[in-house]
Amino acid sequence: MPSFKNLFYKLLSYNFEVLDKEFIGKFNKNLWLANNYYERQILDSIFNDFKNVRLTHLKLPKNISKIFGRVFDAFLEIESYKTHSRTVYFDGSGCETSDLSLIVDYKIYSPIRCYSTSKTITFIQLKLGHYNKPWYLSGKQLYFMKYWPSFRYKNTVYNLDVFRMYPDICSFYLFAYKNKDFSDSVYYRGIWRKNFRVNAFALSTVKLEYIYGSNFTPTSNTVFVDSELRKCNQKGIAFFLWHILLQNLGMYSIDAEKFLQAMFPELLGNDPAIDKNKSISSDELPSVGIRITVGIKME
């Protein structure tokens, strides 16, 4: 409901410093490892930074209680999960899933039960490179994240039809520079919040296909000129993460959530299942899932 979303917008904006400390700034810090690390090490570092569940109490704006009755607590909870079993299958062959999956869940707790008022999921592919050098991206992975064909993962077929309809707000490539930084500002409804020094920005798969000049195919020869990517970029990673937190980016579908639960069994509190038929190569990158829960408790 718009009224609930507006409630959480006000809460998050009022607690921007907490969000910066616990998520935006911490995530941005890990991307600076691009100067000396590889993708695997950055993903591991992101996972390790968020793997211990952190529950942080949030300050309550006065007008929240006036609108929704008496609120006695609000919190931010962040947790991460990791898997190396990240290969999906479509068109008869395998393809790696995204490097990062971000789930943002808004919840309201009444004395009787918990309500999930809205939930969004965003898939992100991380790429490291140098300023003014070409970027080489897998055609099959671009095709997968742009068109979201039905795919098989661990003998179950998933159809993320909503993601297929709106890939411009749920499927992104995150470009992190090893040798370049720039400034990024975060705003909320025209109000300046903070200026960040960043080395990364994100572009949707829709925008990438526009830059590419033709439709992606699983066998595309995908070489992107860095200057073309930068020309189409509007904001850096801090602005991108802020809008994910506000649920201005991301989509939800039942199949998408089931897929993530299969990838990261801990999402439901289950122990990871051991796939005896799959030998995991040490060369396979991890995939990291981060769940962010913003909760409001009411009397």
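Everything quoted here is computed from the prediction, not taken from an experiment.

Participant: Would you mind showing me how to read the overall build of the protein here?
Facilitator: Each helix and strand in the protein was counted, giving 10 helices and 15 strands. Every one of the 299 residues in the protein was classed for burial, and the buried ones make up 53%. Long-range contacts, defined here as pairs at least 24 residues apart, represent 76% of the contacts in the protein between residues at least 6 apart.

Participant: Just checking my understanding: could you explain the confidence of the model for the protein for this structure?
Facilitator: Low pLDDT marks regions whose predicted coordinates should not be analysed in detail. Residues of the protein with pLDDT of at least 70 account for 89%, and the chain-wide mean is 88. Here residues 270–282 scores under 50 on pLDDT; set against residues more than four positions off or in separate chains, the count is 11 contacts.

Participant: I'm lost on unusual backbone geometry in this one. Help?
Facilitator: With glycine set apart, most residues show a phi of negative sign, and most peptide bonds adopt trans. Phi at K154 takes a positive value of approximately 50 degrees, unusual for a residue other than glycine. With respect to the element layout, K154 can be found in the loop between β8 (151–153) and β9 (156–158). Within the chain, N155 stands out as a residue other than glycine whose phi angle is a positive 70 degrees. One can find N155 in the loop between β8 and β9.

Participant: I keep staring at the nonpolar core and nothing clicks. Help me out?
Facilitator: A general trend in soluble globular proteins is that nonpolar side chains are found buried together. F23, F27 and I290 are the most contacted members of the largest nonpolar core, which totals 52 residues. In terms of residue count, the dominant contributor to this core is helix α9 (residues 237–245) (seven residues). In contact with F23, not counting residues within four places along its chain, are V18, F50, I78, L102, L241, L245, I290 and I292. Listed in part, the 37 residues of the second largest apolar core include Y158, F175, F224 and C232.

The rules we used
- Residues numbered from 1 in each chain as written.
- Predicted model: local features only at pLDDT ≥ 70, side-chain atom pairs only at ≥ 80, totals over all residues.
- Heavy atoms only, no water.
- Helix = DSSP H or I, 4+ residues; strand = E, 2+ residues; numbered from the N terminus.
- Buried < 20%, exposed > 50% of the residue type's maximum accessible area, 1.4 Å probe, protein only.
- Contact = heavy atoms within 4.5 Å.
- pLDDT = per-residue confidence, 0-100.
- Core = buried A, V, L, I, M, F, W, Y, C linked by side-chain atoms within 4.5 Å.

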